[in-house]
Amino acid sequence: MIERLGIPESDVPFLREQYFKMYGTTLRGLQERHNVEKEEFLAFVHDLPLKEYLTPNPVVREVIASLPTRNLIFTNSDVPHARRVLAVLQLDDLFETVVDVNAVAPYCKPMPESFAIAMDLADEPDPRKCVMIDDLPRTTRAALDVGMASLLYGCDKATEDASGVFTDWTHLPILLGE
C-alpha cells in the first residue's frame, strides 16, 4: 500500500482494517478502490521467508493425521501460498484440496457465496457434513450461517459465533465427536 500506491504509512493500518471489514479481505478493497492487480498483490505480500515465522508442530500434525475426516483448506490466499505454508508446517500431505481466493472469486470468506462455491468444489452439497475451523469469529459465524458447524481456534470462552472453541489441538477429536 505504501510502496505501490503511495498511501501514507500512517493511513495504512486504518485502511487495511477498513477494507478487511468492508470487503472480506484487504485485497478485495484494494481491487475495488485502487484497481490493484490481484496476482501482483498476492506475489508481493506472499514473498516471505515462511520458515522465519512458522514452526511445525508435531502435536497438530498427529491430531490432524488421526482424524477420520476429509480435510480441505479454504483460504483467502492463493493455492501456491497455502501449499508453501502447509509444506513449512509439514502438513501438506494431510489436506487433499485447497480452495483459494481465486476459486471463489469474486467472493471471499466470510461471504456466503464463497462457502457455496467451496462446498461445490469439494463435492459436498450438504453443509451439515462440513466443519469450518478458523481463528476469526466472523468466519466461524459465516460458516454457522450457511449451515456448517464451526470451531473457533484460539478462544477458550464459548461464543455464539462458533459451535465450539479450543486452544489445544488435542481437544479437536473430542469436539468433532460432539
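Relevant structure appears above.
The numbers attached to residues start from 1 for each chain and follow its sequence in the written order. Given that this is a predicted model, residues contribute local features only at a pLDDT of at least 70 and side-chain atom pairs are listed and counted only at 80 or more, while totals for whole chains, interfaces and linings are drawn from all residues. Side-chain descriptors were evaluated using all non-hydrogen atoms of the structure, hydrogens and water having been removed beforehand.

### Remarks on the overall build of the protein chain
Which entries qualify depends on this criterion: Only runs of H or I of at least four residues qualify as helices and only runs of E of at least two qualify as strands under DSSP, and these elements are numbered from the N terminus. We compute the radius of gyration from the C-alpha atoms alone; for a globule the expected value is 2.2 Å times N to the 0.38, where N is the number of residues. The cut-offs for exposure are 20% and 50% of the maximum accessible area for each residue type, with area from a 1.4 Å probe on protein chains only; residues under the lower value are buried, those over the upper are exposed, and the others partly exposed. Throughout, a residue-residue contact means that at least one pair of heavy atoms, one from each residue, lies within 4.5 Å. All accessible areas in this document rest on Shrake-Rupley with a 1.4 Å probe, and a residue is counted as covered only by the protein chains that are shown.
When its secondary structure is counted, the protein chain shows eight helices and five strands. When the helices and strands of the protein chain are read in sequence order from the N terminus, they spell out α-α-α-α-β-α-β-α-β-α-β-β-α. A compact globule built from 178 residues should have a C-alpha radius of gyration of about 16 Å, and the protein chain, at 17 Å, falls within 12% of that. Based on the C-alpha atoms only, the size of the protein chain along its principal axes is roughly 50 × 35 × 35 Å. Looking at the 178 residues of the protein chain, the share that counts as buried comes to 39%. Long-range pairs, those at least 24 residues apart, make up 46% of the contacts in the protein chain between residues at least 6 apart in sequence. Summed over all atoms, the accessible surface of the protein chain reaches about 10500 Å², with 53% contributed by carbon and sulfur.

### Some remarks on the packing of helix α2 (residues 26–34) against helix α3 (residues 38–45)
Note the threshold: Here the axes come from fitting lines to C-alpha atoms, over the contacting stretch only for helices, and the angles between their N-to-C directions go from 0 to 180 degrees. Working rule for angles: under 35 degrees goes down as roughly parallel, over 145 as roughly antiparallel, 65 to 115 as roughly perpendicular, anything else as oblique. It is the rotation of the near helix from the far one that decides the hand of a crossing: anticlockwise by less than a right angle makes it left-handed, clockwise makes it right-handed. Under the scheme applied here, ten amino acids are nonpolar (Ala, Val, Leu, Ile, Met, Phe, Trp, Tyr, Cys and Pro), four are charged (Asp, Glu, Lys and Arg), and all others, including Gly, are polar.
Their axes nearest at 11 Å, the elements α2 and α3 cross at an angle of 140 degrees. The angle between α2 and α3 falls in the class oblique. The crossing of α2 and α3 is right-handed. Counted together, Leu-27, Arg-28, Leu-30 and Gln-31 of α2 and Lys-38, Phe-41 and Leu-42 of α3 form the full contact between these two elements. Across the contact of α2 with α3, the residue classes break down as four nonpolar, one polar and two charged.

### Let's talk about the packing of aromatic side chains
Under the convention used in this document: Aromatic pairs are defined between Phe, Tyr and Trp rings, using the six-membered ring for Trp, whenever the two ring centres lie within 6.5 Å; interplanar angles under 30 degrees are classed as stacked, those over 60 as edge-to-face, and all others as tilted. Placement of a charge over a ring requires the Lys NZ or Arg CZ to be within 6 Å of the ring centre, with the centre-to-atom vector within 35 degrees of the ring normal.
Under the definition given, this model contains five aromatic pairs. Seen in terms of ring centroids, Phe-166 and Trp-169 are 5.1 Å apart; in terms of plane orientation they differ by 85 degrees. Their pairing is edge-to-face. The ring of Phe-74 carries Lys-109 above its face, with NZ or CZ at 5.6 Å from the centroid. The side chain of Arg-138 reaches across the aromatic face of Phe-20, ending 3.8 Å from its centre.

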